[in-house]
Amino acid sequence: MAANSLIFAATSSILAKPMIKIQSFATPSLGFSSVLAPRVCSHKFPVLTVAAAASSAVQVEAESPALKPAKVLPFRVGHGFDLHRLEPGYPLIIGGIDIPFEKGCEAHSDGDVLLHCVVDAILGALGLPDIGQIFPDNDPKWKGAPSSVFIKEAVRLMHEAGYELGNLDATLILQRPKLSPHKETIRTNLSLLLGADPSVVNLKAKTHEKVDSLGENRSIAAHTVVLLMRK
Ligand SMILES: [Zn+2]
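Residues numbered from 1 in each chain as written. Predicted model: local features only at pLDDT ≥ 70, side-chain atom pairs only at ≥ 80, totals over all residues.

Caption draft 1: Layout of the nonpolar core. Grouped together as the largest cluster of nonpolar side chains are 44 residues, with contacts concentrated most on L114, V118, V119 and I122. Residue assignment for this core shows that the elements contributing at least two residues are β6 (92–94), α2 (113–125), α3 (131–134), α4 (148–160), β9 (163–173), α5 (183–194), β10 (201–206) and β11 (219–230). Setting aside residues up to four positions removed in sequence, V119 forms contacts with G80, I131, F150, I151 and A154. (Core = buried A, V, L, I, M, F, W, Y, C linked by C-beta atoms within 7 Å. Buried ≥ 20, exposed ≤ 12 C-beta atoms within 10 Å, placed from the backbone. Helix = DSSP H or I, 4+ residues; strand = E, 2+ residues; numbered from the N terminus. Contact = placed C-beta atoms within 7 Å.)

Caption draft 2: Structural detail: the packing of α2 against α4. Close contact between α2 and α4 brings their axes to 9 Å; oriented N to C, the two are set at 15°. Put simply, α2 runs roughly parallel to α4. In this structure, α2 crosses over α4, and the sense of that crossing is left-handed. Facing L115, V118, V119, I122 and L123 of α2, the residues of α4 in contact are S148, F150, I151, A154 and M158. Residues that form the contact of α2 with α4 fall into these classes: nine nonpolar, one polar and no charged. (Axes fitted to C-alpha atoms, helices over the stretch in contact; angles between N-to-C directions. Parallel < 35°, antiparallel > 145°, perpendicular 65-115°, else oblique. Left-handed = near helix turned anticlockwise from the far one by under 90°. Nonpolar A, V, L, I, M, F, W, Y, C, P; charged D, E, K, R; others polar.)

Caption draft 3: Spatial organisation of α5. The first and last C-alpha atoms of α5 sit 16 Å apart over twelve residues, in line with the 16 Å expected at 1.5 Å per residue. Considered for burial, the residues of α5 that qualify are I186, N189, L190, L193 and L194. All buried residues of α5 fall inside an arc of 135° around its axis, so they share one side. Just past α5, the residue G195 takes up positive phi, approximately 65°. (Expected span 1.5 Å × (residues − 1). Arc of directions from axis to C-beta.)

Caption draft 4: Seen up close, α2. With 13 residues, α2 should reach 18 Å at 1.5 Å per residue; the first-to-last C-alpha distance of 18 Å fits that figure. Burial runs high along α2: 13 of the 13 residues are buried. Immediately beyond the C-terminal end of α2, within one or two residues, lies G127, with a positive phi of roughly 75°.

Caption draft 5: Quick look at the environment of M229. Structurally, the position occupied by M229 is in strand β11. Given 14 C-beta atoms within 10 Å, M229 falls into the partly exposed group. Once the C-alpha coordinates of M229 and E164 are considered, the two residues, 65 residues apart in sequence, prove to be 5.4 Å apart. Aside from chain neighbours lying at most four places away, what touches M229 is F75, Y163, E164 and G166.

Below you can see the structure in the form of structure tokens.
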């Protein structure tokens, strides 16, 4: 199918105001999945620019008619996943907290695996594109940006769509460092960033049994599930 313009009017009932205009400059050889590849975390897909503006629709120009406006529901569930390589010479920032460790996440932004994952979960619940499209990493505006900026924008979109956080459950997967001494600080900070009561924000951590890149301390990953409730 020739590249078509899909107007993703999240005029949809769910997003009445924010306008995120997403333009695809993909070449014909690039499929839709390439166009939608995450950008905050990996910088290998310089095919999208996002011009966020204050208006009332989400316009997606892409090669797929698959996206449809999100429906108004009393509850909406979203899932987020993120993974970063651990490399020496970078700070390890998790949930906005600087964790002392000999390695950190290599990324365009501050590489905060937990906050990226939470943002994707909220965007997913709202039926919006992923964090890489909203904050493309080829945009110098986001270079080195603290991921709290992304969380605040996701929370703003959530409220604008008429939802509030019901609860959030996140799981961090890493072999080292041990997170137990930092978990409560991370959870408190995440609650603050979300503007949520800490009782609805849960954080778990587990190792990867010393197998694969996660278990060999070469990467760190996170999963998050959120429940949004209509205000
Ligand atoms: Zn990330």
